Amino acid sequence: MSEYTKYKDSALSPEERAEDLLSRMTLREKIAQLDMKFGSNYCTEKEENDNCSVKETSDYNWDLMKKDFPDGLGYVHDNYSVPAVMNKVQKFFIENSRLGIPVIFTGEALHGICGTRGTVLPIPTAWAATFEPKYAYEAGRIIASEARALGLFEVLSPNLDVARDPRWGRTEETFGEDTCLSSKMAIQICKGHQNDDISAIDTVISEPKHYCVHGIPEAGVNCGTARAGVREIESYYLPVFEAAIKEGGAYDVMVSYNSIDGDLLMTSKHYLKEVLKKRFGLKGICRSDWGGLRRVHYLHKMAKNEKEGIYLSKKNGLDCQGGDEYPNRIWVDSLEELVNEGRLDVENINESCRRVLTLKFKLGLFENPYTDENRYKEIINCKPHLDKALEIAQKSVILLKNNGILPLKKEKYKKIALIGPSSDTIRLGGYSAKTFRRKLDTIYDVLKTELPDVEILQCDGCGISDGDFEFALSDQHHLQGITAEKKNENIDEAVKITEQCELVIFCGGDDTISSGEGRDRCELTLCGKQSELIKKLSETGKPIVFAMIHGKPLAIKDESDICDAVISCWFGGEFGSRAVCDVILGNINPGGKLPFSLPRRSTMIPCYYSMLPGASNEYYEGTGTALYPFGFGLSYTTFDYTDLSLVKLENNDVKVSITVKNTGNMTGDEVVQIYVEDCESTVVTPTVLLKDFKRITLMPDESKTVEFILGFDAFKLLNQNYEWVVEPGTFRIHAASSSRDIRLTKEIEL
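(A) Structural detail: the packing of helix 7 (residues 179-194) against helix 8 (residues 230-246). Two elements in contact, helix 7 and helix 8, have axes whose closest approach is 8 Å; the angle formed by their N-to-C orientations is 20 degrees. One way to sum up the angle between helix 7 and helix 8 is to call them roughly parallel. At the point where helix 7 passes helix 8, the crossing takes the right-handed sense. Touching Thr179, Ser182, Ser183, Ala186, Ile187 and Cys190 of helix 7 are Ser235, Tyr236, Pro239, Val240, Ala243 and Ala244, all from helix 8. Grouping the amino acids of the contact of helix 7 with helix 8 by side-chain chemistry returns 8 nonpolar, 4 polar and no charged.

Given below as structure tokens:
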């Protein structure tokens, strides 16, 4: 009869099993659980089209893995493949670790699991543009089910940075500039990932990033320090992570590269221990962002060598190193030495290892370490997933300007000029799965199908970026090899084509070089010669519809002045082209709203709507207010707001009701936005601040009464003693169609 081993007893709780397993482990085995390595670095056959993916036929350098991981390993990253390949790696770690501890396979999945197979959803900014949090949940379910089907148990998303500097390339990964919108999306994406049971065959661990103030980097450059005060951080940035952890249930957190007022997040006792673990109650682990831990020593110069950098981070609350920062031997040797020297309490290692082991037991990995090798074929790119990807893309499209030309009257046109670098090219956005296994439709493809009786004359006219873009990305494993297509400049040809047609549809904006991680910009104008091309086209006198397909907020005042209609379509995933065409042709009525304010000029930033009052917002060159403000978006119909009612409930809660009527001739969506203005506060607060919103669908002449309950969080502020209070006084409640389009206002005393 075999000896009873407590940690192998599935009837016990994950916590009990983790404690027993921990008691049996050596110090080096514990430390090894706090490490993550790239699986694709050990394979024998990588996919040619993706640096981080492994071919189905690949084997592994098992001897090197035995040498590098004698004590086991916690996590394997960048090993995108099919389950049969993942299972081979899992089998190795189970059979070659003394206690048979499986690894957690993890991967990037901002808008679909990376690699070469997953469904590519619109970018997260597009989800935010729907102002419909359910789409974040549904996106999370798609991501989780596809990731788990392919053998992954954790995803390194969502990005919860409140992004207020549009120069920063990673704005496309976020939910925008507003805390309320970002928080509601954060809760739902994390719930979608985990679905209350991370042991299920269609769920994964959610790891929000980049904790906690990464979206306002100094100079707009990735990893830049955040110049922010305590009240600002507590009021606008931390609440998004708090919501994801406390309400969304997210287990893990990725810690940002940067510092806040000199306090490096990677080594911050305050933010890691006191806030993240004690106040927010993080249940899983916090890990460094890839390459971040090394920066403690060589970039931030807070430690004299690698070992001291590891010491600073680990003693102050960091659990795991993320990615191929230090070789496993350096990581394990350094921490072992620090414990043996008496400088680092062994309980520090125990606490972190306990967190990792508990997650592995909650995932069910000791009972089910392997993934079904055929099930993924029914899950990946299945029809429900593709249908939902299209729906999200359609709901995210924003109509910024329309002089009446849209929706197009199809019978009016015999020839349409389709011009621009995105007219016959798919724009998926950063951290996308490579889609070479299937054909995706471009805008040109869709229009030819939708308008069989119209001659569509297509010409790129120019490119966006110059193609190859190499700078300080050599140490970014997942970014290597990212380039944009090179397009020939043919502005004259584009003009000649336009002269033959009755209408121009210009498709341009961003590509993977002008937007994305490490793609920061000091100019927010259209890249390349796009602006020049639009101007030349306008000189023909033909009406222009500008479909802006982009990842970051762009300054398009000149283009907006020239064009007859402007559509904003954040990188729309596999069906972004279809969504753009559906709006242009009137197959759907656009109802998206801006999650970012769009500046008038590149130099007129920041321009987010909730800036504190005090400045005039006027320059010698003109007003500095946003060209198109947060929450803005037009429709093919119109909406009337009436009957704003405020009722004070118990505990100073306020019930808000508003009646909205569709006064146009087409069924459409309106996002009813509720802003609060504190009229007499002891600290300076934004003039208006979004506190709730609802997206509704109304048929012509239909009315709906929309209700909201505003509680403590809607009226609170961090007072001069840094206490959260609702101060007695007058508050204005604004019912609005955007942050600038206030329809009705009432005051209430609290």
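(B) Broad picture of the sheet that holds strand 10 (residues 398-402). In space, the 6 strands of this open sheet follow the order 10-15-14-13-11-12, with mixed pairing throughout. Of all the strands in the sheet, just strand 10 and strand 12 (455-459) have a single pairing partner and so form its edges. Put simply, the sheet's adjacent strands are angled 15 degrees from each other on average, direction ignored.

(C) Up close: the packing of helix 8 against helix 9 (residues 269-279). One way to put it is that helix 8 packs onto helix 9 with a least axis distance of 10 Å and a crossing angle of 50 degrees. One finds that helix 8 runs oblique with respect to helix 9. In the packing of helix 8 onto helix 9, the handedness of the crossing is right-handed. Mapping the contact onto sequence places Ile233, Glu234, Leu238, Ile245 and Lys246 in helix 8 and Tyr271, Val275, Leu276 and Arg279 in helix 9. Among the residues making up the contact of helix 8 with helix 9, the classes are represented as 6 nonpolar, no polar and 3 charged.

(D) Structural context of the packing of aromatic side chains. Tallied over the entire structure, the rule returns 19 aromatic pairs. Each ring, one from Tyr7 and one from Phe366, has its centre 6.1 Å from the other, and the planes form 80 degrees; the classification is edge-to-face. Of the two residues, Tyr7 sits in the segment before helix 1 (14-24) while Phe366 sits in the loop between helix 13 (346-362) and helix 14 (376-379), which places them 359 residues apart along the sequence. By way of ring pairs, the aromatic residues Tyr42, Tyr60, Trp62, Phe69, Phe92 and Phe93 are connected into one cluster. Geometry around Tyr236 places Arg164 over its ring, the cationic atom sitting 5.1 Å from the centre.

(E) Main features of the sheet that holds strand 19 (residues 654-662). Spatial strand order, 18-19-22: 3 strands in an open sheet with antiparallel pairing. The open sheet terminates on both sides in strands that have one partner only, identified here as strand 18 (639-648) and strand 22 (703-710). In this sheet, neighbouring strand axes are inclined to one another by 20 degrees on average, regardless of whether the strands run parallel or antiparallel. Sheet topology places strand 19 next to strand 22; 8 bridges connect them, and they run antiparallel. Within strand 22, the position partnered with Val660 by the bridge is Lys704.

(F) Region of the structure containing helix 15 (residues 383-396). Across its 14 residues, helix 15 extends 20 Å between first and last C-alpha, which sits within 8% of the 20 Å expected from 1.5 Å per residue. Inspection of helix 15 places His385, Lys388, Ala389, Ile392, Ala393, Gln394 and Ser396 among the buried residues, and these make up the whole buried set. Along its buried surface, helix 15 packs onto helix 5 (124-130), helix 6 (134-149), helix 14, strand 10, strand 15 (565-570) and helix 20 (576-585).

About the thresholds
Residues numbered from 1 in each chain as written. Predicted model: local features only at pLDDT ≥ 70, side-chain atom pairs only at ≥ 80, totals over all residues. Heavy atoms only, no water. Axes fitted to C-alpha atoms, helices over the stretch in contact; angles between N-to-C directions. Helix = DSSP H or I, 4+ residues; strand = E, 2+ residues; numbered from the N terminus. Parallel < 35°, antiparallel > 145°, perpendicular 65-115°, else oblique. Left-handed = near helix turned anticlockwise from the far one by under 90°. Contact = heavy atoms within 4.5 Å. Nonpolar A, V, L, I, M, F, W, Y, C, P; charged D, E, K, R; others polar. Pairing = 2+ DSSP bridges. Phe/Tyr/Trp six-rings, centres within 6.5 Å; stacked < 30°, edge-to-face > 60°. Lys NZ or Arg CZ within 6 Å of the ring centre and 35° of its normal. Expected span 1.5 Å × (residues − 1). Buried < 20%, exposed > 50% of the residue type's maximum accessible area, 1.4 Å probe, protein only.

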